[in-house]
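Coordinates in review
Read off the chains here:
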Amino acid sequence: MTNISSKEIRKQFIEFFESKGHKFVPSAPVVPADDPTLLFTNAGMNQFKPIFLGVEKRDYTRAVNSQKCIRVSGKHNDLEEVGHDTYHHTFFEMLGNWSFGDYYKSEAIAWAWELFTSVWKLPKDRLYATVYKSDEEAVELWTRGTDIDPSHILRFSEKDNFWEMGDTGPCGPCSEIHIDLTATGNGGKLVNSGNPEVIELWNLVFIQFNRNADRTLTELPAKHVDTGAGFERVARVLQGKSSNYDIDLFAEIIAGIEREVKSKYAGHPSPEAFRVIADHIRMLTFSITDSAIPGNDGRGYVLRRILRRAAMYGRKLNMHEPFIYKLVGDVVTAMGDAFPEIKARREFVEKTIRNEEEGFNKTLDRGIELFDDIVKKMGSDKRISGPDVFKLYDTFGFPADMTRVMATERGLDIDEEKFEEEMAAQKKRSREEGKKIFINKDVKWINLSKDQKTAFLGYDTLESSSKLIKYYRTGEVMQLVFDQTPFYAESGGQVGDQGFARIGDRSFEIWDTQKNGDHVIHYADDVEIIEISEGGAALQVSPNHRLSTIKNHTATHLLHSALRLVLGTHVHQAGSVVEPYRLRFDFSHNDKISADEIYRIESMVQEKIFENITLQHHRNIPIAEAKKLGALSFFGDKYGDFVNIVQFGEYSKEFCGGVHVPFTGRIGFFKIVSESSVASGVRRIEAITGSIAEEFFREESRITEKIRHTLNCKSGEIAHKIDHLLSDKKLLEKELTELRLQSVTAKLDELVSSARESAGFKVVSAKLDLPPGVDLRSVGDSLREKLRTGVGLLVSDLQMVCVVTDDLIRDKKLNAGSLVKEIAKIAGGSGGGKPHLATAGIRDISKVSEVINAVYNLVK
Ligand code: SER
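In what follows, the accompanying structure is described. (Residues numbered from 1 in each chain as written. Predicted model: local features only at pLDDT ≥ 70, side-chain atom pairs only at ≥ 80, totals over all residues. Heavy atoms only, no water.)

So, on to empty space enclosed by the protein. To find leftover empty space, a probe the size of one water molecule is rolled over the atoms. Under the criterion given, the structure shown has two cavities of 30 Å³ or more. Estimates place the volume of the second largest cavity at around 60 Å³. Forming the walls of the second largest cavity are Ala-311, Arg-315, Met-319, His-320, Glu-321, Pro-322, Phe-323, Glu-357, Phe-360 and Asn-361. Those elements that place two or more of their residues in the lining of the second largest cavity are helix H9 (298-316) and helix H12 (346-378). (1 Å grid on protein atoms, 1.4 Å probe; cavity = no way out; pocket = protein on both sides within 12 Å on 5 of 7 lines; lining within 4 Å. Points joined across faces, edges and corners; volume = space filled by probe spheres on them. Helix = DSSP H or I, 4+ residues; strand = E, 2+ residues; numbered from the N terminus.)

Printed below as a string of structure tokens:
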């Protein structure tokens, strides 16, 4: 078994279940497209959640795949273990098979056992099965249905054998297969104890409940199977290795790190640093490929932390310059065949990581300064406080283990307990943040019919007569689901439709439309519809709202093509909002877009509008056919077997479920109104179309006309004329300042020649109104020169300057700094400076003449 490659293992798993009637479903992206309860895909079952909940149906009931998973946040978070042990990862692949209301426990257990022991020939005496404490059925199935040693069937409680996806969602009792890798083979007692030699390989979950937000469980309409085997762990066992990082899949990545850091992993004093970096670069490559971007909140924040953690461990390997981005190529070599998307996005991922690394190096230096400050302030204390460790972590991305290392180097330690408390408080805060985005999807509905789907008619019509199949009322908001609807539910960036509904003789407004699985939810203010039992309704989408929106949607597609033609094919959609008033398009691109590029992009889109290209709408075509058409798909989206393609000639072809104008000419006008950066490597364009763009042009033209009129020139001459005016203005300002200075100089001459003599030298003390643009200090300087020997004080507004000539500083020990301090006090001010020139501010304007007189006495 030792020379089976991981590629072969993945293939054999899939083929095994295909031979048992399962359909291969590709891995969903690691960034979930439409589940606000998840930051990252954390299990193979995520993409099937709506099927488990009974709100979506597929034309197959058995599925198999290898799913890209990330476990760094929420319920399933292995981050702290990663690198320190050899079998947890932030990113890993999960081999899984599923039954959607089809087979249940018996087949799930029998097939897992068959694959492990008959196909892969794992030693039976080393395998253990755990079951949920009261799951007699599972115990029975293991005992009678397999030849496992009955003493190897162990019962555990909720903590280990009741699997939940997150705070809410499908869940149920589970049964896990563990392997004993100890030398003696006596590791049975170590199951579920966190021992690295006795580890879980496969989890079989028997999904039968939904966990609601209020912690109660609801029985699901059907029973399902959801299994997940840790691919890297299975490979480690089959390849006879003692660490996941020693399997073939990691070989290239570890070699890449060795190349960059110029030392070997084997025998290195900090092997965990190699493992952390090897793990994290996979996580980063896959998540950035699937459209996550390092940033300051949510998902982006997690990415930033992971990258920083990798960089900190890089420092342990003496790496002070960005280098992690150079490992992306190694991940692509190792995994690009199984996941071609990382090949396609390689350059973008490299650039994004590199930018972040560069930024972090700067932060890191500041963080080290803060660390030094903290240590200085501690005095004789030997323990860095919890809040300080947390501050380093939260503000500068210092993982606690790095702070610990730095502390140890100085003979200190850290307050682990208080740090954990801070972390727990932060987790609570972010969980609460997360909850805010819930929409009422788990509410209790009143069902009027058994219909499980809403048919969407809105590609072809704006109105329909429909049957109400369920509804939900809160007293403020009403949610309605019909058997068919022309209302488009928000999706793919396009906002939900608005319009009207009529039930009985009541008409009311629908102000938003959202999707929940196969149902379309229409939102309205709660109106009193007495006894909605009949359920017949007339639905009407607002034509203006819809038409303005779809103009922007089609324009978004035209813009996307133009961006790829003008800037390059590295441009990929990273986010899109299509509203009636504007469109917003985020895409991968590293540099600012120049005015000239904007002009070319706009012209290209406008040209396609004028060409009035007809929409070709390919609805529900097999995905293979769609790919043959060469349509653009998005890494951030998941697709079923049948997709919609929106095509405008050869110019634009995209996977898209949205609604579009029938001819590009309907868009009318297109205008980009802003271009900006949203995150490193992502730019944002906002644009307007239709009558809004036309209004914009008209307003611009009106303004131009006004300027033209004022300047009395042709439009083409405006820029030239303004340039002229501005340089004239500059010249005049310069001349004016010179003139003003001259008048100040004349005034100074007058002051000096009429100066009082006191203690044998001249003393000038006066109020001076300085013209705008003339600086009091430089006037003080000229006064000093003119005095030759003397002391001067000038007050202007609430400022004053005091000067003393060099000979008096030397011979009479006079000092402008001390003088100005004394004088300013009189008027409630303060100041200071050098012995030859000092300035001060004063508060009390009524004291100005007192101030001026004070000088004469002081110098005596
Ligand atoms: N969903 C289960 C898990 O993640 C089995 O796939 O362990």
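Now that the structure has been shown, the text picks up again.
With that settled, consider a nonpolar patch on the surface. On the surface, Ile-703, Ile-707, Ile-722 and Leu-726 cluster together into a nonpolar patch covering about 300 Å² of accessible area. Those elements giving two or more residues to the nonpolar patch turn out to be helix H19 (690-711) and helix H20 (718-753). Residue position: Leu-726 is located in helix H20. (Patch = residues over 30% accessible without salt bridge, like charges linked within 9 Å, V, L, I, M, F, W, Y side chains within 5 Å. Areas by Shrake-Rupley, 256 points an atom, 1.4 Å probe, with all protein chains shown as cover. Salt bridge = Lys/Arg side-chain N within 4 Å of Asp/Glu carboxyl O.)

This part takes up the layout of surface pockets. Volume-wise, the second largest pocket comes out at about 1200 Å³. As for the second largest pocket, its lining consists of 41 residues, and the residues nearest its centre are Arg-71, Asp-78, His-88, Glu-176 and Glu-200. Elements that contribute at least two residues to the lining of the second largest pocket include exactly strand S4 (76-77), strand S5 (91-100), helix H5 (158-161), strand S8 (162-164), strand S9 (169-180), strand S10 (198-211), strand S11 (217-230) and helix H6 (231-238). Split into classes, the residues belonging to the lining of the second largest pocket amount to 12 nonpolar, 14 polar and 15 charged. (Nonpolar A, V, L, I, M, F, W, Y, C, P; charged D, E, K, R; others polar.)

The subject of this paragraph is the packing of aromatic side chains. Here the structure, examined in full by the defined rule, presents 27 aromatic pairs. Ring geometry for Trp-113 against Trp-142: centres 5.9 Å apart, planes inclined by 85 degrees, an arrangement best described as edge-to-face. With a gap of 29 residues between them, Trp-113 in helix H3 (residues 105-119) and Trp-142 in helix H4 (residues 136-145) connect regions that are remote in the sequence. Considering the side-chain rings of Tyr-393 and Phe-419, the 6.1 Å spacing of their centres and the 80 degrees angle between planes classify their relative orientation as edge-to-face. One end of the pair, Tyr-393, is in helix H13 (residues 386-396); the other, Phe-419, is in helix H15 (residues 416-436), and 26 residues separate them in sequence. Site record: aromatic cluster; members linked through ring pairs are Phe-13, Phe-16, Phe-17, Phe-116, Trp-120 and Trp-202. Over the face of the ring belonging to Tyr-393 we find Arg-305, whose NZ or CZ atom lies 4.1 Å from the ring centre. (Phe/Tyr/Trp six-rings, centres within 6.5 Å; stacked < 30°, edge-to-face > 60°. Lys NZ or Arg CZ within 6 Å of the ring centre and 35° of its normal.)

This part is about the nonpolar core. Formed by 117 residues in total, the largest nonpolar core has its most connected members in Trp-142, Trp-202, Met-283 and Ile-353. Other than its neighbours up to four places away in sequence, Trp-142 contacts Ile-109, Trp-113, Ala-129, Val-131, Ile-148, Ile-153, Ser-175, Ile-177 and Leu-204. (Core = buried A, V, L, I, M, F, W, Y, C linked by side-chain atoms within 4.5 Å. Buried < 20%, exposed > 50% of the residue type's maximum accessible area, 1.4 Å probe, protein only. Contact = heavy atoms within 4.5 Å.)

A few words on the sheet that holds strand S27 (residues 642-648). With antiparallel pairing, the three strands of this open sheet are ordered in space as S26-S27-S28. Edge strands, defined here as strands with exactly one partner in the open sheet, are strand S26 (615-622) and strand S28 (652-655). For this sheet, the mean angle separating the axes of adjacent strands, direction not counted, is 20 degrees. Note that S26 and S27 share six bridges and pair antiparallel. (Pairing = 2+ DSSP bridges. Axes fitted to C-alpha atoms, helices over the stretch in contact; angles between N-to-C directions.)

Before going further, it helps to spend a moment on the environment of Glu-490. With respect to the helices and strands, the residue Glu-490 is situated in the loop between strand S18 (484-485) and strand S19 (499-503). In this structure Glu-490 comes out as partly exposed when scored by relative accessible area, which is 37%. Put simply, Glu-490 and Ile-645 are 155 residues apart on the chain and 18 Å apart in space, counted from C-alpha to C-alpha. When near neighbours in sequence (up to four residues on either side) are disregarded, Glu-490 contacts Val-495, Gly-496, Thr-513 and Gln-514. Among the polar contacts listed, one links the side chain of Glu-490 to the side chain of Gln-514, at a separation of 3.1 Å. (Polar contact = N/O pair within 3.5 Å; in protein donor to acceptor, adjacent residues only side chain to side chain.)

Take helix H10 (residues 328-335) next. Residues spaced three or four apart along an α-helix point in a common direction, a consequence of the helix completing one turn every 3.6 residues. The element H10 is largely enclosed, with a buried count of seven among its eight residues. Buried within H10 we find Val-328, Gly-329, Asp-330, Val-331, Val-332, Ala-334 and Met-335. Where H10 is buried, its residues touch S5, helix H7 (248-261), helix H8 (271-289), helix H11 (340-344) and H12.

Structurally, Thr-285 is set in helix H8. Judged by relative accessible area, Thr-285 falls into the buried class, the value being 0%.

Attention shifts here to the site of the ligand. Taken together, the residues surrounding the ligand are Ala-43, Met-45, Arg-71, Met-94, Trp-163, Asn-203, Val-205, Asp-226, Thr-227 and Gly-228. One of the side-chain nitrogen or oxygen atoms of Asn-203 is found 3.0 Å away from an oxygen atom of the ligand. If the ligand stood free it would expose 230 Å²; the protein chains cover 96% of that surface. Its atoms largely coinciding with the cavity grid, the ligand occupies the second largest pocket. (Near = heavy atom within 4 Å. Sits in = over half its atoms within 2 Å of the grid points.)

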